[in-house]
Amino acid sequence: MTDSETMLNIGPKSSAWLRQVGIRSREQLVEAGAIGAFIKIKRAGFRPGLNLLYALEGAIHACHWRDLPEGRRGELQVEAEAASVGLPPARGKAMPPAEPVRRVYSD
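Residues numbered from 1 in each chain as written. Predicted model: local features only at pLDDT ≥ 70, side-chain atom pairs only at ≥ 80, totals over all residues. Heavy atoms only, no water.

A. Up close: helix α4 (residues 70–84). Taking 1.5 Å as the rise per residue, α4 with 15 residues should run 21 Å; its terminal C-alpha atoms sit 21 Å apart, in good agreement. Listing the buried residues of α4 in full gives R73, L76, A80 and S84. The buried side chains of α4 occupy one side of the element, clustering within an arc of 60° when seen end-on. When the buried face of α4 is taken as reference, the exposed residues oriented beyond 90 degrees from it are V78, E81 and A82. Close packing links the buried residues of α4 with α2 (26–43) and α3 (50–60). In the stretch just after α4, G86 is the one whose phi turns positive, near 90°. (Helix = DSSP H or I, 4+ residues; strand = E, 2+ residues; numbered from the N terminus. Expected span 1.5 Å × (residues − 1). Buried < 20%, exposed > 50% of the residue type's maximum accessible area, 1.4 Å probe, protein only. Arc of directions from axis to C-beta. Contact = heavy atoms within 4.5 Å.)

Given below as structure tokens:
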């Protein structure tokens, strides 16, 4: 069992995602920060939700994610959106449809 499996708020799926991005302990999570870890998970192609972001912040501060102040949750959401700009779409997320093929004839 790794440290990430015993952190408050971190379940098996979240723990697996953290391990896959190189975060295996609470100390490594604290070093990366909630936003940093969240973005690493997104860059790896996973589709984490805001609950994971709140869970990561709660794990850092050793509190249940529901105990995070509403204002802090809002700050985290804004920071995550700003940090996510320019990231490629997550695996399995549909790309916008391509335009139809057009033939161009010239004389």
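B. Geometry of the packing of aromatic side chains. A full pass over the atoms with the stated rule returns 2 aromatic pairs. An angle of 25° between the planes, with centres 5.2 Å apart, marks the rings of W17 and F46 as stacked. Within this pair, whereas W17 is found in helix α1 (residues 12–20), its partner F46 is found in the loop between α2 and α3, the two being separated by 29 residues in sequence. Here W17 matches F46 in class, with each residue buried. Centroid distance Y54 to W65: 6.4 Å. Interplanar angle 20°. Geometry classified as stacked. With a gap of 11 residues between them, Y54 in helix α3 and W65 in the loop between α3 and α4 connect regions that are remote in the sequence. Across from the ring centre of Y54, 5.7 Å away, lies the NZ or CZ of R73, which sits over that ring. (Phe/Tyr/Trp six-rings, centres within 6.5 Å; stacked < 30°, edge-to-face > 60°. Lys NZ or Arg CZ within 6 Å of the ring centre and 35° of its normal.)

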